[in-house]
Amino acid sequence: MNKMKEKIKLFRESLRFVWRSAPGWASANIALSVIRSFLPLLLVWLLKGVIDGITIAAAAKQGSPLISVIWPVSALVIIWFFDEASSDFSNYIRKKQSLKLEVYMYGLLHSKSIALDLINFERPEYFDCLSRATREAPWRPNSILNNVVAMFKGVLSLVLIAGLITTLNWTIALLLIVANIPGIWLRLHYADILYDFHRRQTPEARKSAYFNWLLTGDRPSREIRLFGLGNYFITLFKNSFLKQKEEEINIIRKRTIIELISNLFKAASLLITLLFISHKTITGALSIGQMAMFLLAFRQGMVYIKELFVSLSGLYEDSLFIGDTFEFLNLKENVIAIEPVQFPSPLKDKILTENLSFTYPGNNTKTINNVSFELNKGEIVALVGANGAGKSTLVRLLCRLYDPDSGTIKYDGINIKNIAPDKYRKLFSVVFQDFMLYNLTAGENIRMGNIDEGNPEMKIRAAAVITGSHEMITALPAGYDSPIGNLFDESRELSWGEWQKIALARALFRDAPVLILDEPSGALDADTEYDIFSRFREIVTGRTTILISHRFTNVGLADRIIVLDKGSIAEEGTHDELIKKGGIYFTMFTKQSGRFKN
Ligand code: ATP
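Because the structure is a prediction, the values reported are computed rather than measured.

What counts and how
Residues numbered from 1 in each chain as written. Predicted model: local features only at pLDDT ≥ 70, side-chain atom pairs only at ≥ 80, totals over all residues. Heavy atoms only, no water. Helix = DSSP H or I, 4+ residues; strand = E, 2+ residues; numbered from the N terminus. Expected span 1.5 Å × (residues − 1). Bend = angle between axes of the 7 residues up to and from the residue. Domains from an automatic or database assignment. Contact = heavy atoms within 4.5 Å. Buried area = accessible area lost by both parts, 1.4 Å probe. Salt bridge = Lys/Arg side-chain N within 4 Å of Asp/Glu carboxyl O. Polar contact = N/O pair within 3.5 Å; in protein donor to acceptor, adjacent residues only side chain to side chain. Axes fitted to C-alpha atoms, helices over the stretch in contact; angles between N-to-C directions. Parallel < 35°, antiparallel > 145°, perpendicular 65-115°, else oblique. Nonpolar A, V, L, I, M, F, W, Y, C, P; charged D, E, K, R; others polar. Core = buried A, V, L, I, M, F, W, Y, C linked by side-chain atoms within 4.5 Å. Buried < 20%, exposed > 50% of the residue type's maximum accessible area, 1.4 Å probe, protein only.

The terminal C-alpha atoms of helix α10 (residues 288-329), which comprises 42 residues, lie 59 Å apart, in line with the 62 Å expected from a rise of 1.5 Å per residue. At Leu-320, α10 shows its largest bend, some 25°.

In structure tokens, the structure reads:
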């Protein structure tokens, strides 16, 4: 019972989406469908008039033979034309409405996707849920509306036709309905089986989509060729794809066989009806026109019942699948502002972290373990540590992309949980290790650092000049207006180091008080790196900066260095202090500088 209530609730919600996305088109769709349910009955009745008119005129053999049929024939043709034209028109309305709904649903999905906590992206279940929702959301609500309308239209038409058949014999009307019952059960039963199958198969479907991307995507294309991995992934794709499809085909095969049996019931009822009508006509109880009308009515009734059951089982299937969309849309965001909400201003004093700990979902060791440090206004702090020490994770916590499991971060004394995440993130500018390459123009790539900047041209140039990318950009065919990347025609691909300079320019273009650079020079040539880092203080001037780097020549520029080891702070101090201490930093530094001495 509860399950039923839940499904009705989902239907109501879905229909609300349909209504909100296009109220006018939805109304037109419903109105036209209702009008169209009367037409077949009218056609059957007019046909009887035509046939009886012909029979009478043929028997009378006098006067103008067409007079007695001219009115029913004309009316029949007009109604037929209206039926055809309204069918085309109704298709157009439905298409238009689906388009509006798709745009609306994509809007909901995308807004949810960008609002959801980043931590969701670490969970495979999230991707399963997202891929099911993106597959279903754009069209399921419309399918619900169409099925509801079709069901309503089907019931109305069926009642009218059954009413007509009852004037002949009520058992025939009953037979019409009973013969179709095995078919309904079958459809509902298999809707359940197919839904369970699709749900189980989502991880496998994602796997085959991944192998498909490896074989067709741009990024993997070089390694696939160089390592000769193509055939290996073709096999993996084929196995994964067949695994899904073979089971589905098996289910459909079983359904087809049982469907054949259910059709036998319908054939038997048709046989009985035909014999009954033939008998009545031969014995003179029915006119030829009435015979034709009842035969057509019975056939039409069969069609309606079929359509009715298709829409009924469609609705049932919709009720199963629409749940996936709501499962995604109802995912909760936990990284939100909690009361009392505060509004931060540019950093005045410091950011303080106290006893931060954080574990990634599914991991059993803490990636960040009881970390406390402070970042004073205007300071340059370097974060160093071995691969996997937790540096990038700490940055994500500082930007509140994740919330720590325990501990607090205070921004000028305000717990950052009391600040709206979007407002808080405006205070940060970050070059991530895996920064984005936007297939847009060079200028836009820099502008992405602050899309709200009203008059960006001068500032974009300034950021490009300071990061040494201005010359490279002006040498492009259309300068700052040149599309870069490899996705679209006329785009120019850049080297990784050139992309990195643009990412740096993007970060500097953003007027944020805190700047975080996660390994910003990995792909820069020695000259550019020297140029940037010898002017580093000038470049970051006025900003509080965190620099993550494995290059100790750059790290040495920082006011303070924090050494992370397996998620904990192992050492902290200036370069000289840490060298004197002779600990982890000293060992790492001497190993790296030792390589250059020999
Ligand atoms: P590197 O110097 O290699 O960039 P890092 O110090 O920045 O390393 P992190 O990227 O913070 O290290 O990773 C710290 C640990 O957390 C690693 O052991 C890694 O396996 C784990 N880790 C990182 N990202 C994830 C993730 N998305 N899901 C689960 N574990 C993760």
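From this point, things continue past the structure.
Structurally, the protein comprises domain 1 (2-329), domain 2 (345-427 + 512-522 + 542-598) and domain 3 (434-511). Counting from both sides, the interface comprises four residues of domain 1 and, opposite them, six residues of domain 2. Taken together, both faces of the contact between domain 1 and domain 2 bury some 430 Å²; the carbon and sulfur share is 75%. In terms of surface lost to domain 2, no three residues of domain 1 exceed Leu-118, Ile-119 and Glu-122, which account for 89% of the buried area on that side. Our count for the contact surface shared by domain 1 and domain 2 stands at zero salt bridges. Taken together, the links from domain 1 to domain 2 amount to one residue pair in polar contact (both at pLDDT 80 or more).

This part covers the packing of helix α7 (residues 181-216) against helix α8 (residues 218-226). Two numbers describe how α7 lies on α8: the axes approach to 6 Å, and their chain directions differ by 70°. One element, α7, and the other, α8, form an angle in the roughly perpendicular class. Contacts from Trp-213, Leu-214 and Thr-216 in α7 reach Asp-218, Arg-219, Pro-220 and Ile-224 in α8. When its residues are assigned to classes, the contact of α7 with α8 shows four nonpolar, one polar and two charged.

So, about the side chain of Ser-491. Relative to the helices and strands, Ser-491 is located in the loop between α15 (470-474) and α16 (496-509). Every residue in contact with Ser-491, bar those within four places of it in the chain, is listed here: Pro-483, Ile-484 and Gly-485.

What follows concerns the nonpolar core. Grouped together as the largest cluster of nonpolar side chains are 39 residues, with contacts concentrated most on Ile-446, Ile-473, Ile-561 and Tyr-585. Both domains that meet at this core, namely domain 2 (345-427 + 512-522 + 542-598) and domain 3 (434-511), each give it at least three residues. The contacts of Ile-561, once residues within four sequence positions are left out, are Ala-382, Val-384, Val-555, Glu-571, Glu-572, Gly-573, Thr-574, His-575, Leu-578 and Tyr-585. In terms of nonpolar packing, the next biggest core, distinct from the first, is built from 34 residues, Ile-351, Phe-358, Val-371 and Cys-399 among them.

With the rule as written, the count across this model stands at 18 salt bridges. One salt bridge in this structure joins Asp-83 and Arg-36, with 3.2 Å as the shortest N-O distance. Placement of Asp-83 in helix α3 (residues 67-115) and of Arg-36 in helix α2 (residues 23-60) is noted, with a sequence separation of 47 residues between them. Each member of the pair, Asp-83 together with Arg-36, is buried. In this structure, the salt-bridge partner of Glu-204 is Lys-243, at a minimum N-O distance of 3.3 Å.

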